[in-house]
Amino acid sequence: MNRRHLLMGAVCATAFTSRAFAQDDISKKLINEPGAWNIYGAAQTNKRVKDDKVQGGQAMEIKIAGTGGNPWDAAAESPITGKITKGDKIVAAVWVRAKTADNAPVNLNMRMQVSSPPYNSFGEKSISVGTDWQMQTLEFTATEDHAPKTAAMTIHLNTGKQTIYLGPAFILNMSMA
């Protein structure tokens, strides 16, 4: 995937001001690899699939068995490779869609968390995902510092029998020069 192409699409789909877009090279604010997903948990199987309807043309297809347990028993994470400093404005965005037997919306938890126990959250929200591709966003101001490679954006997937499709994820530190 062309990283710049993916990023420009994410910027257009989110609500950045024209002033910020015009003055900044937004790719300098990226603190993750957009197509890099770590998928884990015994309640899931996954594979990369082609999909021309999502930015970048590829997605991760994650099938959830729906056998119960905790929502975090199957999850996807996009590691944060840049640093976050207290007071930084963070914008996380991900392309996502879901499929269930009855095409009902799927409820997932999108969160920023430390990558080691006890996996403390430092930003999170519930998202409702339908059958069409949509960009979900999470925006917040950091209340603490996080060194590179010590945190991630995580989506808890074990909320029922379903198939989740994840396109690229973008984590931007809007406070970076």
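Residues numbered from 1 in each chain as written. Predicted model: local features only at pLDDT ≥ 70, side-chain atom pairs only at ≥ 80, totals over all residues. Heavy atoms only, no water.

A few points about the pattern of salt bridges
Moving on, step 1. Applying the stated criterion across every chain yields a total of 3 salt bridges.
Moving on, step 2. The partner of E61 in a salt bridge is K47, with the nearest N and O atoms 3.8 Å apart. Residue E61 is located in strand β3 (residues 58-64), and its partner K47 is located in strand β2 (residues 44-50); the two are separated by 14 residues in the primary sequence.
Moving on, step 3. Judged by relative accessible area, K47 falls into the partly exposed class, the value being 46%.
Moving on, step 4. Close ionic contact of R111 with E124 constitutes a salt bridge, the shortest N to O distance being 3.5 Å. Placement of the pair is R111 in strand β6 (residues 106-114) and E124 in strand β7 (residues 121-129), with a sequence separation of 13 residues. (Salt bridge = Lys/Arg side-chain N within 4 Å of Asp/Glu carboxyl O. Helix = DSSP H or I, 4+ residues; strand = E, 2+ residues; numbered from the N terminus. Buried < 20%, exposed > 50% of the residue type's maximum accessible area, 1.4 Å probe, protein only.)

Side note on the nonpolar core
Soluble, globular proteins show a tendency: their nonpolar side chains are buried together.
Moving on, step 1. Among the nonpolar cores identified, the biggest contains 34 residues, and W37, M112, M153, L157 and L166 are the most heavily contacted of them.
Moving on, step 2. Elements with a contribution of two residues or more to this core: β3, β5 (89-99), β6, β7, β8 (134-141), β9 (151-156) and β10 (162-173).
Moving on, step 3. The element that contributes the greatest number of residues to this core is β5, accounting for 5 residues. (Core = buried A, V, L, I, M, F, W, Y, C linked by side-chain atoms within 4.5 Å.)

Brief notes about the sheet that holds strand β1 (residues 38-40)
The pairing of strands in a sheet happens through backbone hydrogen bonds and is either parallel or antiparallel.
Moving on, step 1. Reading across from one edge, β1-β4-β9-β6-β7 is the order of the 5 strands in this open sheet, with antiparallel pairing throughout. Of all the strands in the sheet, the pair left with one neighbour each is β1 and β7. Between one strand axis and the next, the sheet turns by 20 degrees as a mean value, whatever way the strands run.
Moving on, step 2. For β6 and β9, the ladder comprises 6 bridges, and the chain directions are antiparallel. Note on β9: the bridge partner recorded for M112 is M153. (Pairing = 2+ DSSP bridges. Axes fitted to C-alpha atoms, helices over the stretch in contact; angles between N-to-C directions.)

Regarding the sheet that holds β3
Moving on, step 1. Across the sheet, 5 strands lie side by side as β2-β3-β10-β5-β8; this open sheet has antiparallel pairing. If you trace the sheet from one side to the other, it starts and ends with β2 and β8, each paired once. Strand-to-strand twist of the sheet, defined as the mean angle between neighbouring strand axes without regard to direction, takes the value 30 degrees.
Moving on, step 2. Here 7 bridges tie β2 to β3, and the two strands are oriented antiparallel to one another.

Notes on the packing of aromatic side chains
Moving on, step 1. For the structure shown, the criterion picks out 1 aromatic pair.
Moving on, step 2. On the numbers, 5.9 Å between centres and 70 degrees between planes, the contact of F122 with F140 is edge-to-face. Placement of the pair is F122 in strand β7 and F140 in strand β8, with a sequence separation of 18 residues.
Moving on, step 3. With relative accessibility at 13%, the residue F140 sits in the buried group.
Moving on, step 4. For R97, the ring lying beneath its charged end belongs to Y165, and the centroid distance is 4.1 Å. (Phe/Tyr/Trp six-rings, centres within 6.5 Å; stacked < 30°, edge-to-face > 60°. Lys NZ or Arg CZ within 6 Å of the ring centre and 35° of its normal.)

Re the side chain of N173
Moving on, step 1. Along the chain, the position of N173 falls in strand β10.
Moving on, step 2. Here the side chain of N173 touches S175 through a polar contact of 3.0 Å, landing on its backbone nitrogen.
Moving on, step 3. Contacts of N173, omitting those with residues within four sequence positions, involve K29, I31, K83, I84, D88, K89 and I90. (Polar contact = N/O pair within 3.5 Å; in protein donor to acceptor, adjacent residues only side chain to side chain. Contact = heavy atoms within 4.5 Å.)

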